[in-house]
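Descriptive structure summary
Each chain, written out:
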Amino acid sequence: MTQILGVSGSLRQGSYNSALLRAAQQFVPAGVELVAGSIAGIPLYNGDDEAATGLPPAVETLKEQIAAADGLLLFTPEYNGSIPGVFKNAIDWASRPPKDVARIFGGKPVAVVGASLGGFGTILSQDAWLGVLRALGTRPWCEGRLMVGRAAAVFDDEGVLADEQLRDRLKEYLAGFVSFARTQGD
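These numbers come from a predicted model, not from an experiment.

**Thoughts on the overall build of the chain**
Scanning the chain from terminus to terminus reveals 7 helices and 6 strands. Dimensions of the chain along its principal axes, counting C-alpha atoms only, are 50 × 40 × 25 Å. Buried positions account for 46% of the 186 residues belonging to the chain. Pairs at least 24 apart in sequence give 80% of the contacts found in the chain among residues at least 6 apart. Carbon and sulfur atoms make up 51% of the accessible area of the chain, which amounts to about 8900 Å² in all. Considering the chain, the positive charge centre built from 16 side chains and the negative charge centre built from 20 side chains are found 3 Å apart.

**Focus: the packing of aromatic side chains**
Taken as a whole and assessed by the stated rule, the structure comprises 6 aromatic pairs. Seen in terms of ring centroids, Tyr 45 and Trp 93 are 4.8 Å apart; in terms of plane orientation they differ by 75°. Their pairing is edge-to-face. Placement of the pair is Tyr 45 in the loop between strand E2 (32–37) and helix H2 (47–53) and Trp 93 in helix H4 (residues 85–94), with a sequence separation of 48 residues. A relative accessible area of 32% places Tyr 45 in the partly exposed class. Exposure remark for Trp 93: the relative accessible area of 2% places this residue in the buried category. When the centroid spacing of 6.0 Å and the interplanar angle of 50° are considered together, the rings of Trp 141 and Phe 177 count as tilted. Here Trp 141, found in the loop between strand E5 (139–140) and strand E6 (147–148), pairs with Phe 177, found in helix H7 (residues 164–184); they are 36 residues apart in sequence, far enough to count as distant. Residue Phe 177 is classed as buried on the basis of its relative accessible area, which comes to 1%. Through a chain of ring-to-ring contacts, three or more aromatic side chains come together here, namely Trp 141, Tyr 173, Phe 177 and Phe 180.

Each value, and the rule that gives it
Residues numbered from 1 in each chain as written. Predicted model: local features only at pLDDT ≥ 70, side-chain atom pairs only at ≥ 80, totals over all residues. Heavy atoms only, no water. Helix = DSSP H or I, 4+ residues; strand = E, 2+ residues; numbered from the N terminus. Buried < 20%, exposed > 50% of the residue type's maximum accessible area, 1.4 Å probe, protein only. Contact = heavy atoms within 4.5 Å. Areas by Shrake-Rupley, 256 points an atom, 1.4 Å probe, with all protein chains shown as cover. Lys, Arg positive; Asp, Glu negative; His and termini not counted. Charge placed at Lys NZ, Arg CZ, Asp CG, Glu CD. Phe/Tyr/Trp six-rings, centres within 6.5 Å; stacked < 30°, edge-to-face > 60°.

Encoded structure:
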């Protein structure tokens with residue numbers, strides 16, 4: 001079975017990106033498990049803290065989830081036209097110590113999607129992730145894009161994806177990324 005790790009870059013309980021991750025879990029192709037990872041509990045990175053106490057347990061968990069997955073799917077919000085600090089911080093922690101980068105991220109198939117209240121979805125945040133993903137040595141999938149704009153109109157009050165057209169786009173996107181992830185493992 002192919003295992004994809006999905007990580008929402010928001011800590012907000014009513015996050016549209018977390019809702020998009022939950023929807024994606026329902027629509028992955030057969031033979032695929034989309035596991036939800038978490039950035040909750042990851043403190044702000046401080047090299048002095050790392051030297052004194054090592055990696056926090058939440059970071060160790062995220063690192064091992066990434067390493068075990070056949071692919072990584074980032075569900076990114078967009079704050080002030082870029083990557084949310086809390087999400088970037090979690091990935092920065094996961095790249096520590098530097099000797100672990102190749103084991104955790106090296107050659108890992110990665111895709112980025114996102115939902116926002118604005119009309120342009122998360123295009124700027126998704127673009128900003130590319131430099132980070134390159135620096136980590138991942139294999140970003142750039143054949144498809146999924147940017148959910150005006151997210152309040154496509155999710156119901158319980159955070160369920162209610163837009164059928166978007167459901168179809170999500171299914172197509174997931175099928176494309178899973179196919180890419182599977183070929184990268186050969």
